[in-house]
Amino acid sequence: MIDLQIRGRGIHDSRVLAAMERVHRHEFVAAELASSAYEDCPLPIGSGQTISQPYMVALMSELLALQGDERVLEIGTGSGYQTAILAQLCREVYSVERIPRLAVAAQEHLQRCGYENTRVYTGDGTIGLAEFQPYDRIIVTAGAPALPQTLADQLNPGGRLVIPIGDRFLQKLMVVEKHGPEIVQQEVCGCVFVPLLGKEGWKVYNE
Ligand code: SAH
């Protein structure tokens, strides 16, 4: 998977490649899906959500440009797979998931696997996690209608935020940088994520 789907598609950061090699994706999906875990596609993780495509996990990790000492906020824990990759690349990962069942399962799994620099919180990640702000990096793994202002506010000056922005079914992967008070946005590629639901995301219709 690493050679063909990750390095072969242009991911060069050696720390990201090493982290992708160390974290076994099959451990983050249900046993009956384990045989598909190394195909480059999203897979269901229950509650209508998906574990992201490995290439997208690698690309977003590379775009964060982590050196190793950062505090990272992740929105959309899902299975915890991206969290585990980030745990290898930075000092601390604070991850927020809105579906309690997924948050609890991911926290338990990450702890069992020994990722001691990760913490999972249940809540609406569109308003970030005020308690531990500011963050050096923020990654959002669900599609937003626009950049949530609260997340931009919780980013350190000089920090970077990676987020899919677009409509409910198709988004653009954006890198947002904070230069002092100025916000600079750069488009990377098209992508497809499940919707980011919440106060500064899409409206929740069925709850
Ligand atoms: N990186 C995860 C991707 C999971 S899919 C993985 O690879 O497993 C995106 C996740 O974002 C879903 O679990 C969904 O429940 C969550 N999500 C959507 N809106 C959210 C919000 N406002 N706050 C926190 N999590 C949210």
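Quick look at the structure, then. (Residues numbered from 1 in each chain as written. Predicted model: local features only at pLDDT ≥ 70, side-chain atom pairs only at ≥ 80, totals over all residues. Heavy atoms only, no water.)

Counted according to the given criterion, the structure contains four aromatic pairs. Considering the side-chain rings of Tyr 94 and Phe 132, the 4.7 Å spacing of their centres and the 25 degrees angle between planes classify their relative orientation as stacked. Separated by 38 residues along the polypeptide, Tyr 94 in strand E4 (residues 92-97) and Phe 132 in the loop between strand E5 (118-122) and strand E6 (135-140) bring together distant segments of the chain. We classify Tyr 94 as buried; its relative accessible area is 9%. Of the residues examined, Phe 132 reaches a relative accessible area of 23% and is grouped as partly exposed. Judged by centre distance (5.8 Å) and plane angle (45 degrees), the rings of Tyr 121 and Phe 132 are tilted. Linking Tyr 121 in strand E5 with Phe 132 in the loop between E5 and E6, this pair joins segments that are eleven residues apart in sequence. (Phe/Tyr/Trp six-rings, centres within 6.5 Å; stacked < 30°, edge-to-face > 60°. Helix = DSSP H or I, 4+ residues; strand = E, 2+ residues; numbered from the N terminus. Buried < 20%, exposed > 50% of the residue type's maximum accessible area, 1.4 Å probe, protein only.)

Judged by side-chain polarity, Phe 169, Leu 170 and Val 192 come together as a nonpolar surface patch covering roughly 370 Å² of accessible area. Looking at where Val 192 falls in the secondary structure, it is placed in the segment after strand E9 (182-191). Note on Val 192: relative accessible area 59%, which makes it exposed. (Patch = residues over 30% accessible without salt bridge, like charges linked within 9 Å, V, L, I, M, F, W, Y side chains within 5 Å. Areas by Shrake-Rupley, 256 points an atom, 1.4 Å probe, with all protein chains shown as cover. Salt bridge = Lys/Arg side-chain N within 4 Å of Asp/Glu carboxyl O.)

Bringing the sheet that holds E6 into the picture now. Within a beta sheet, neighbouring strands are joined by backbone hydrogen bonds and run either parallel or antiparallel to one another. Pairing within the open sheet is mixed, and its seven strands lie in the order E5-E4-E3-E6-E7-E8-E9. Whereas interior strands pair on both sides, the edge strands pair on one side only; in this sheet they are E5 and E9. Strand-to-strand twist of the sheet, defined as the mean angle between neighbouring strand axes without regard to direction, takes the value 15 degrees. Strand direction decides the pairing type here: strand E8 (residues 171-179) and E9, joined by nine bridges, are antiparallel. Counterpart to His 179 in the pairing with E9 is Glu 182. Running over the sheet, helix H3 (residues 54-63) touches E6, strand E7 (155-166), E8 and E9 and is turned about 15 degrees from E8. (Pairing = 2+ DSSP bridges. Axes fitted to C-alpha atoms, helices over the stretch in contact; angles between N-to-C directions. Contact = heavy atoms within 4.5 Å.)

One full turn of an α-helix is made of 3.6 residues, so residues set three or four places apart face in the same direction. Residues Val 16, Leu 17, Ala 19 and Met 20 constitute the buried set of helix H2 (residues 14-22). One side of H2 carries all its buried residues, which in axial view fall inside an arc of 160 degrees. The inward-facing, buried residues of H2 contact helix H1 (2-7), H3 and helix H4 (81-89). Between the side-chain oxygen of the N-cap and the backbone nitrogen of Arg 15 there are 2.9 Å, and the N-cap of H2 in question is Asp 13. (Arc of directions from axis to C-beta. Polar contact = N/O pair within 3.5 Å; in protein donor to acceptor, adjacent residues only side chain to side chain.)

Taken together, the neighbourhood of the ligand is formed by 25 residues, with Thr 50, Ser 79, Glu 97, Gly 125 and Leu 197 sitting nearest. At a separation of 2.5 Å, a nitrogen atom of the ligand approaches a polar backbone atom of Leu 197. Here the ligand, which alone exposes 570 Å², has 99% of that area covered by the protein. Looking at the shell around the ligand, the elements that each hand over two or more residues are strand E2 (49-51) and E4. By residue number, the principal contributor to the shell around the ligand is E2, which donates three residues. (Near = heavy atom within 4 Å.)

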